[in-house]
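The chain contents come next:
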Amino acid sequence: MDFDRSIKIAPSILSADFADFGREIRAVEDQGADWVHVDVMDGHFVPNITFGPPAVAAFRKHVRTVMDVHLMIAPVDPYIDAFAKAGADIITAHVEAGPHIHRTLQAIRGAGARAGVALNPGTPAESVEHLLDLADLVCVMTVNPGFGGQKFIDMTDKVRRLRAMIGDRPVHIEIDGGVDPTTAPGLARAGADVLVAGSAVFRGGSVSNSAPYGENIAAIRAAAEGALK
């Protein structure tokens, strides 16, 4: 997985048809998705329960791009190997989820995955300043994690600060929550390059009518890239 700062759209399958994940994943990839984002929730760190390692392993069979696994769980460390073995290309843990985030990021890389660190809206950018040499991605939450379809919380200043901290390091800035064609431009200008979108991608389409997925992905990409011209 070569590093580049081009805009990447990562549909969150939390907004897909739960009865047809395989075809949903193939549909969004066929319609232009760059990555596939998998939201793992434990009902403890966040107020929802979604997928475990067996589900992620099942998704892996259908993902041809990058499987981006976002662990909204605590504790994180006991499950890293299982999600790596399930086929996650990127494993992202929350800085708020445990006391030893350095160890967590080292363990993710040690398991053979790229390491991401996520920040909730109330957590300052400075909390990851000393982690940037251990991270491949910083995920900025623009909603409070737990559910899809929430209203966007403006974290543009945080993104801008992170971009300055990262400098020339090969570290992606990912945005998760409320991304659509209206919010994407400001985020891209601030320095984000990976845009997670759930309802904004899957709205209006289905596996039997996936053209709207492509239209939605293209609209988000065009809005973000247009802001960089």
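A. Examining the side chain of threonine 142 more closely. Its place among the elements puts threonine 142 in the loop between β6 (137–141) and α5 (156–166). Look past the residues within four positions of threonine 142 in its chain and what remains in contact with it is Lys151, Phe152, Ile153, Met155, Ile175, Asp176 and Gly177.

B. Quick peek at the nonpolar core. One finds Val38, Val69, Val117, Leu162, Ile175, Leu195 and Ile220 to be the most contacted residues of the largest nonpolar core, which totals 69 residues. Setting aside anything within four residues of it in sequence, one finds isoleucine 220 in contact with Ile9, Val179, Asp180, Pro181, Ala184, Leu195, Ala197, Ala200 and Val201.

C. Molecular detail of the pairing of strand β8 (residues 194–197). Of the two faces of β8, the one holding Val194 and Val196 and the one holding Leu195 and Ala197 are both buried throughout. Direction of pairing for strand β1 (residues 8–11) relative to β8: parallel, over a ladder of four bridges. Counted as the bridge partner of lysine 8 is valine 194 from β8. For the crossover that starts at strand β7 (residues 172–176), traverses helix α6 (residues 184–190) and ends in the parallel β8, the hand is right-handed.

D. Main features of the pattern of salt bridges. Applying the stated criterion across every chain yields a total of eleven salt bridges. Here arginine 160 ties to aspartate 157 by a salt bridge, and the two come within 2.8 Å at their closest N and O atoms. Linking arginine 160 with aspartate 157, this pair stays in helix α5, spanning three residues, or about one helical turn. Accessibility expressed as a relative area gives 45% for arginine 160, which makes it partly exposed. What you see here is one network of salt bridges that share partners, running through Asp4, Lys8 and Asp193.

E. Geometry of the layout of surface pockets. Empty space within the largest pocket amounts to approximately 300 Å³. As for the largest pocket, its lining consists of 26 residues, and the residues nearest its centre are Gly148, Gly149, Gly177, Gly178 and Gly198. Put simply, the parts of the chain that give the lining of the largest pocket at least two residues each are β2 (35–41), β3 (66–72), β8 and α7 (199–202). Partitioned by chemical class, the residues of the lining of the largest pocket number eleven nonpolar, eleven polar and four charged.

The rules behind each value
Residues numbered from 1 in each chain as written. Predicted model: local features only at pLDDT ≥ 70, side-chain atom pairs only at ≥ 80, totals over all residues. Heavy atoms only, no water. Helix = DSSP H or I, 4+ residues; strand = E, 2+ residues; numbered from the N terminus. Contact = heavy atoms within 4.5 Å. Core = buried A, V, L, I, M, F, W, Y, C linked by side-chain atoms within 4.5 Å. Buried < 20%, exposed > 50% of the residue type's maximum accessible area, 1.4 Å probe, protein only. Pairing = 2+ DSSP bridges. Right-handed = clockwise from strand over helix to strand, strands pointing away. Salt bridge = Lys/Arg side-chain N within 4 Å of Asp/Glu carboxyl O. 1 Å grid on protein atoms, 1.4 Å probe; cavity = no way out; pocket = protein on both sides within 12 Å on 5 of 7 lines; lining within 4 Å. Points joined across faces, edges and corners; volume = space filled by probe spheres on them. Nonpolar A, V, L, I, M, F, W, Y, C, P; charged D, E, K, R; others polar.

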